[in-house]
Each structure stands twice: as structure tokens, then as C-alpha cells.
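Residue strings, one per chain:
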Amino acid sequence: MHYNLSHLDQLESEAIFIMREVASQFQKPVLLFSGGKDSIVMVHLARKAFWPAKIPFPLMHIDTGHNFDETIKFRDDLVKETGAELIVASVQESIDKGRVVEEKGPNASRNALQTVTLLDAIEEHQFDAAFGGGRRDEEKARAKERFFSHRDEFGQWDPKNQRPELWNLFNGMKQIGEHFRVFPLSNWTEMDVWQYIAKENIPIPNIYYSHKRKVVERNGMLLAVSPYITIKDTEKVEERIVRCRTVGDMTCTGVVESPAAVIEDIIQEVAAARVTERGGRADDKRSETAMEDRKRQGYF
């Protein structure tokens, strides 16, 4: 398979430039790590950016407690291999402290509760910049953000008050209590990410490849059966050959039927896809502006 190396090299160079810019402008950055492919690529880029030194900022996982087991194992193995510092901020702890209230019912999810846990962790550790893996092609709200996304003292984002980014000049000026989200993969597409993973031979969790899994069909999506979802009387549990296209909380991350067993198969599948990557995320379907609403509140 042939890749447009110059295009991928340009994206890599841009992302590394932004990471180094953050390291020079900010006192205490952190890389938000979900265990998904985008955050894995960011870790790979960070290793390249600062090699031969270790990654000069910690990784932080906002843990809903409803993860795929494969994701947690991959996270722990990656941290051990890279020697990176890992901070785990727990949504369960936020619930126990009364900071958030867990949803009830068969469609309950902890995904939206991550916002409070994330903002509390940023405040606790005094992080002034947080790398996120958002890409502009993921969802319409993502397309409104720039590389440096200013957040006010409440962690909120104002899409109408963004700073210009001309000639690779990034304005990281902020007041006490404010911080920035930084998106090194802004100009990448889902296809770019997969081609880069193939080019660089980057390991990813095995749930991205086809495997047998028990699922239920709900609202036009396939959800993995787990202790975290309530099976309705009208739903039928079936075993199918599926894979994850995106990874998140098991209660809202849909899987897709797929025979893709290697990276090249995934690339061909993505090229032919007519549904966006986040089209399989139940949390994005709660309203037309679900993602933007959560971003304004301080979501990733």
C-alpha cells in the first residue's frame, strides 16, 4: 500500500511544532489520554518531539469506570513502556463526593459527567494547558476550534471569542485560573490518523480490529454487552464480528460490524464509510448541539 508521505510528514511536523510551542509557553501542560487512537498518536508525536528525553508532561486519563478492559490494559502497558507519568481522575470519585449525580435508566451514561472530573483535576494539579486529540473532521463543533483554545476561569469555551492564529503565531496569554486546550491533530482526518498509524507501525488496542463480541442493537447502533448497560426486555443479545471505530465509555460507544483484521483493511473501510466516526457515539445523538453544549461547559 502506498502512502502520501509528504502529506503525513507535514502533519507530523505541524503537530510536533505545536507541542514544542506549548512546552515553551506554558508552565504545566498535560496530555489528555483516553486510550483511543488519537491520543495514542499524540503520545507517539510527543515522544518524537522531545526525544531522547522523556515526555515532559504527564498523561491524564479521565476514567469513567466504564471502560473496555482492553483499553485500560493498553494504557498501563504504554505508560510502562514510555516511562510517562500517569494521572487518573475518577468519575466515580466525583460521584462519591457529590460533585456530580449519576444518570439513571437504561440509557444512562457517565460520559457527560467527565466534564466536572476533568475541570476539578485541572484545578487540583494547576495545569495551564491540556492537549486534546480533537480533529476538525470529527463533528461540526470541533470544526469551530483552533489549535489553541482559550478556556475561562470556569473552564468554559466561547466560540465567538477566539484568537487569530496567523503565520503559526499562537497567543497563549491568560489570566490566573484560565487555561488552554491545545489540539495538535486539528488538521488531521480520520484517514490521516490511520495512515500515520500504519506508516509508523504504532500499536493500538485490539478492539479496533474485528473480533467476536456480544452486542445489542439500540437506536440504530450496536452496543457491546457489559455490566454497565441495562438490557431491555425488547432487546436481543447476539454475538457478531465487530470492531470499535472510536473508543470511549462502554455505555455510549457503538461498535460496527466489520471483518477488518489489519490496518490496511481498516483504511479501506474508512475510505468507503458514509457515516462519520462519531456517528456511532450515543452521547452525540442526545441533541443537535450535544457536542457544542458540552464543549461550552468545559468538555474536551
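Refer to the preceding data block for the structure.
Enquirer: What exactly am I supposed to notice about the environment of isoleucine 176 here?
Expert: When you line up the elements, isoleucine 176 lands in the loop between β5 (148–151) and β6 (179–182). Take isoleucine 176: its relative accessible area is 87%, and that puts it in the exposed class.

Enquirer: Please explain the sheet that holds strand β7 (residues 211–218) as it appears in this structure.
Expert: Working definition: the strands of a sheet are paired by backbone hydrogen bonds and lie parallel or antiparallel to each other. Spatially, four strands are ordered β7-β8-β10-β9 in a closed barrel, and the strand pairing comes out antiparallel. Across the sheet, the axes of successive neighbouring strands diverge by a mean angle of 70°, strand direction being ignored. Sheet topology places strand β9 (residues 238–244) next to strand β10 (residues 254–257); three bridges connect them, and they run antiparallel. Bridge pairing links cysteine 244 to valine 255 in β10.

Enquirer: Would you explain helix α7 (residues 263–272) in this entry?
Expert: Note on helix geometry: an α-helix contains 3.6 residues per turn, so any two residues three or four positions apart are oriented the same way. For α7, the set of buried residues is Ile263, Ile266, Ile267 and Val270. Angular distribution of buried residues about the axis of α7 spans 100°; they occupy a single face of the element. For α7, the elements touching its buried residues are α6 (190–200) and β9.

Enquirer: Got a minute to help me understand the sheet that holds strand β4 (residues 129–131) in this structure?
Expert: Read from one edge of the open sheet, six strands run β3-β2-β1-β4-β6-β5, paired in mixed fashion. The strands lining the two open edges of the sheet, one partner per strand, are β3 (86–90) and β5. Taking the axes of each pair of neighbouring strands and ignoring which way they run, one obtains an average angle of 30° across the sheet. Helix-sheet contacts for helix α2 (residues 37–50) involve β1 (29–32), β2 (59–63) and β4, and the interaxial angle to β1 is about 140°. Against the sheet, helix α3 (residues 69–82) touches β2 and β3, its axis set at about 150° to β3.

Enquirer: Help me understand the pairing of β7 in this model?
Expert: Regular strands show a simple pattern: their side chains alternate between the two faces of the sheet. With five bridges connecting them, β7 and β9 associate as antiparallel partners. In the sheet register, arginine 213 faces β9, and the bridge partner there is arginine 240. One ladder, built from four bridges, connects β7 with strand β8 (residues 221–224); its direction is antiparallel. Within the sheet, the bridge partner assigned to arginine 218 lies in β8 and is methionine 221. Connecting β7 to the antiparallel partner β8 that follows it, the hairpin turn spans two residues, and asparagine 219 within it adopts a positive phi of roughly 55°.

Enquirer: Can you walk me through the packing of α2 against α6 in this structure?
Expert: When two helices pack together, you describe them by how their axes are tilted relative to each other and by the distance separating the axes. At a minimum axis separation of 11 Å, α2 and α6 run at an interaxial angle of 50°. As far as their axial angle goes, α6 and α2 are oblique. Relative to α6, α2 is oriented so that their crossing is left-handed. Where α2 abuts α6, its residues Lys37, Asp38, Val41, His44, Leu45 and Lys48 lie against Glu190, Val193, Trp194, Tyr196, Ile197 and Glu200. Looking at side-chain class alone, the contact of α2 with α6 contains six nonpolar, one polar and five charged residues.

Enquirer: Sorry, what's going on with the packing of aromatic side chains here?
Expert: The description of two aromatic rings rests on the distance between their centres and on the angle between their planes. Overall, the coordinates contain five aromatic pairs when judged by the stated rule. Centre to centre, the rings of phenylalanine 57 and phenylalanine 131 are 5.0 Å apart; their planes meet at 40°, and the pair counts as tilted. Note that phenylalanine 57 is positioned in the loop between α2 and β2 and phenylalanine 131 in strand β4, a separation of 74 residues in sequence. Taken as a pair, phenylalanine 57 and phenylalanine 131 share a single burial class, namely buried. Every member of this aromatic cluster is reached through a ring pair, and the members are Phe50, Phe57 and Phe131.

Enquirer: What's the story with the packing of α6 against α7 in this structure? I'm lost.
Expert: As a packed pair, α6 and α7 sit with axes 10 Å apart at the nearest point and diverge in direction by 165°. As the angle between them shows, α6 and α7 are arranged roughly antiparallel. Considering only the axes of α6 and α7, their crossing is left-handed. Note on element contacts: α7 touches α6 through Ile263, Ile266, Ile267, Val270 and Ala271, opposite Glu190, Met191, Trp194, Gln195, Ile197 and Ala198.

Enquirer: What exactly am I supposed to notice about the nonpolar core here?
Expert: General note: in soluble globular proteins, nonpolar side chains tend to be found buried as a group. Of all hydrophobic cores here, the largest spans 58 residues; its most connected members are Leu31, Val41, Leu45, Phe148, Trp188 and Trp194. Of the residues forming this core, the biggest block, eight residues, is contributed by α2. Structurally, this core is a two-domain feature, drawing no fewer than three residues from each of domain 1 (7–193 + 288–297) and domain 2 (205–284). One finds Val30, Ile62, Val91 and Ile95 within the second-largest nonpolar core, a separate group that totals 15 residues.

What counts as what
Residues numbered from 1 in each chain as written. Predicted model: local features only at pLDDT ≥ 70, side-chain atom pairs only at ≥ 80, totals over all residues. Heavy atoms only, no water. Helix = DSSP H or I, 4+ residues; strand = E, 2+ residues; numbered from the N terminus. Buried < 20%, exposed > 50% of the residue type's maximum accessible area, 1.4 Å probe, protein only. Pairing = 2+ DSSP bridges. Axes fitted to C-alpha atoms, helices over the stretch in contact; angles between N-to-C directions. Arc of directions from axis to C-beta. Contact = heavy atoms within 4.5 Å. Parallel < 35°, antiparallel > 145°, perpendicular 65-115°, else oblique. Left-handed = near helix turned anticlockwise from the far one by under 90°. Nonpolar A, V, L, I, M, F, W, Y, C, P; charged D, E, K, R; others polar. Phe/Tyr/Trp six-rings, centres within 6.5 Å; stacked < 30°, edge-to-face > 60°. Core = buried A, V, L, I, M, F, W, Y, C linked by side-chain atoms within 4.5 Å. Domains from an automatic or database assignment.

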